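Chain and residue survey
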Amino acid sequence: MAAPAPPLPPQFKSLQHHLRTAQEHEKRDPVVAYYCRLYAMQTGMKIDSKSPECRKFLSKLMDQLESLKKQLGDSESITNEVVGSAHVENYALKMFLYADNEDRAGRFHKNMVKSFYTSSLLLDTLAVFGALTEENLHYRKYARWKATYIHNCLKKGETPQAGPVAMEGYEDEDEEGGFAFQPPPAAHPSSSTYVPGDMPSSNYTGIQIPPGAHAPANTPAEVPHNTGVASSTVVQPTPQNIPTVDPSLYNPGSKGDVRLTPEDFTRAQKYCKYAGSALQYEDVNTAVQNLQKALKLLTTGRE
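Residues numbered from 1 in each chain as written. Predicted model: local features only at pLDDT ≥ 70, side-chain atom pairs only at ≥ 80, totals over all residues. Heavy atoms only, no water.

1. Points about the overall build of the protein chain
The condition is simple: By the criteria applied, helices consist of DSSP H or I runs no shorter than four residues and strands consist of E runs no shorter than two, each listed in order from the N terminus. Pairs of residues are marked as contacts when any of their non-hydrogen atoms sit within 4.5 Å.
Summing up its helical and strand segments, the protein chain has 9 helices and 2 strands in all. A separation threshold of at least 6 residues defines the contact pool for the protein chain, and within that pool the share at least 24 residues apart is 73%.

Written as structure tokens, this is what we have:
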């Protein structure tokens, strides 16, 4: 376990939730903990790397990162950025999907609020790998808004509206790091409405996630007893429709005419890592689809 860090300087207050998420995941998923701290480190350096208290804090944070890196050894999620990015992105979007499913089913509880909010924090951390995609920017904003909206409704004893509604009046977190959202009036169609379903329902930045997928085993908190789910309920594995493999991929023909760029290799590698990550969730459909994409790209030079 990483050594405790010194008190958080006021300048780094915006990073407190990312650091708390790292602490919560030290045992559940050390890779997630590592990248949360790396994000805090990189962001903190941009905020203030000169004042004594900030330099001291960043120095201790760097020690924590080194300790975690040694603990993880030769983990490919740490040594290979493509694998690390896929790991964190898959984790964040699985958490998002769990919260979104609970929301659409009208099951409002603290666990789903935390799942929405934590998924937005993990999408923040993808910045260590480069600029976020448009899709992830949308999911981050929507997840943070939903967490804020439902949190405030529950706090006031009101019943939130299930599913996507207009994001009118949304303000991001206040400077205290709390929730600053004022619930909107009754939802109605609006140009400011963001509906996740408007985007391909099973495609999150190239990761095929089937609707209704279960939450990851390490969702932040236990599901409360008042969520409407009977404790005796036995969840049966969801039957999976395995996609048909394109016969042409079995006979790619001559590879001599295919010229692959470094970007092609990176994308193919990413598809393979998405497939491996999907298999961790026993999601065969996702694994097959991403492997087919990688094979097609490598054999034809096209996606």
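2. A look at helix α2 (residues 30-47)
Formally: The length a helix should cover is 1.5 Å for every residue beyond the first. Three labels apply to residues, based on accessible area from a 1.4 Å probe with only protein chains included: buried if under 20% of the type maximum, exposed if over 50%, partly exposed otherwise in between.
Between the first and last C-alpha of α2 there are 25 Å, a value that for 18 residues agrees with the 26 Å anticipated at 1.5 Å per step. Taking burial as the measure, the 18 residues of α2 include 14 buried ones, the bulk of the element.

3. Description of the packing of helix α5 (residues 81-104) against helix α7 (residues 134-155)
Using the following cut-off: An axis is simply a line fitted to the C-alpha atoms; with a helix, the fit covers only the stretch in contact. Between two such axes, the angle follows the N-to-C directions and lies from 0 to 180 degrees. Oblique is the label for every angle not falling under 35 degrees (roughly parallel), over 145 degrees (roughly antiparallel), or within 65 to 115 degrees (roughly perpendicular). Handedness of a crossing follows from how the near helix is turned relative to the far one, being left-handed for an anticlockwise turn of less than a right angle and right-handed for a clockwise one. In this classification, the charged set is Asp, Glu, Lys and Arg, the nonpolar set is Ala, Val, Leu, Ile, Met, Phe, Trp, Tyr, Cys and Pro, and all remaining amino acids, among them Gly, are polar.
Between α5 and α7, whose axes approach to 11 Å, the crossing angle comes to 45°. Put simply, α5 runs oblique to α7. Crossing of α5 against α7: the hand is left-handed. Residues Glu89, Leu93, Phe96, Asp100 and Asp103 of α5 form the contact with α7, whose own contacting residues are Asn136, Tyr139, Tyr142, Ala143, Lys146 and Ile150. For the contact of α5 with α7, the residue count by class is 6 nonpolar, 1 polar and 4 charged.

4. Digging into the packing of aromatic side chains
As a reminder of what qualifies: The pairing test for Phe, Tyr and Trp rings, Trp by its six-membered ring, is centres within 6.5 Å, and the orientation test on the planes gives stacked under 30 degrees, edge-to-face over 60, and tilted for anything in between.
Applying the stated criterion to the full structure yields 9 aromatic pairs. Ring centres of Phe96 and Phe116 lie 5.8 Å apart, and the angle between their planes is 75°; this geometry places the pair in the edge-to-face category. Placement of the pair is Phe96 in helix α5 and Phe116 in helix α6 (residues 110-125), with a sequence separation of 20 residues. You can call Phe96 buried: its relative accessible area is 0%. Judged by centre distance (5.2 Å) and plane angle (55°), the ring pair of Phe96 and Tyr139 falls under tilted. A residue pair is termed long-range when its members are at least 10 positions apart, and Phe96 in helix α5 and Tyr139 in helix α7 qualify at 43 residues. Comparing Phe96 with Tyr139, the two get one shared label, buried. Through pairs of rings, three or more aromatic residues link up here, namely Phe96, Phe116, Tyr139, Tyr142, Trp145 and Tyr149.

5. Describing the side chain of Glu26
Note the following rule: Polar contacts, as counted here, are pairs of nitrogen or oxygen atoms within 3.5 Å of one another; within protein the pair requires one atom able to donate a hydrogen and one able to accept it, and residues that are adjacent in sequence qualify only if both atoms are side-chain atoms.
Tracing the sequence through the fold places Glu26 in the loop between α1 (16-24) and α2. A residue is classified by how much of its surface remains accessible, and Glu26, at 12% relative accessible area, is buried. A polar contact is formed between the side chain of Glu26 and the side chain of Arg37, at a distance of 3.0 Å.

6. So, the nonpolar core
Note the following rule: Among buried residues, those of type Ala, Val, Leu, Ile, Met, Phe, Trp, Tyr and Cys that are joined through side-chain atoms within 4.5 Å constitute a nonpolar core.
Tyr34, Tyr35, Phe116 and Ile150 are the most contacted members of the largest nonpolar core, which has 49 residues in total. Elements with a minimum of two residues in this core: α1, α2, α3 (52-72), α5, α6 and α7. Looking at which element gives the most residues to this core, the answer is α2, with 10 residues. The contacts of Phe116, once residues within four sequence positions are left out, are Phe96, Ala99, Asp100, Asp103, Tyr142, Ala143, Lys146, Ala147 and Ile150.

7. Details of the pattern of salt bridges
Note the cut-off: We define a salt bridge as a side-chain nitrogen of Lys or Arg found within 4 Å of a carboxyl oxygen belonging to Asp or Glu.
Enumeration over the complete set of coordinates arrives at 7 salt bridges. A salt bridge links Arg107 to Glu102; the shortest N-O distance between them is 2.8 Å. A salt bridge links Arg144 to Asp124; its shortest N-O distance comes to 2.6 Å. In this pair, Arg144 sits in helix α7 while Asp124 sits in helix α6, placing the two residues 20 residues apart along the sequence. We classify Arg144 as buried; its relative accessible area is 8%. You can call Asp124 buried: its relative accessible area is 5%. One network of salt bridges, in which partners are shared, links Asp124, Arg140 and Arg144.

8. Things to note about the confidence of the model for the protein chain
Basically, it comes down to this: The pLDDT score gives, residue by residue, the confidence of the prediction method on a 0 to 100 scale.
In this model, the protein chain carries an average pLDDT of 75, and 66% of its residues clear a pLDDT of 70 or more. Every residue in residues 172-238 is under pLDDT 50, and counting partners more than four places away or in other chains gives 139 contacts.

9. Quick word on the packing of α2 against α6
For any two helices packed against each other, the geometry is given by the interaxial angle and the distance between the axes. One way to put it is that α2 packs onto α6 with a least axis distance of 9 Å and a crossing angle of 65°. Of the possible angle classes, the one that applies to α2 and α6 is roughly perpendicular. In this structure, α2 crosses over α6, and the sense of that crossing is left-handed. Contacts between α2 and α6 involve Val32, Tyr35, Cys36 and Tyr39 from the first element and Leu122, Asp124 and Thr125 from the second. Here the residues of the contact of α2 with α6 sort into 5 nonpolar, 1 polar and 1 charged.

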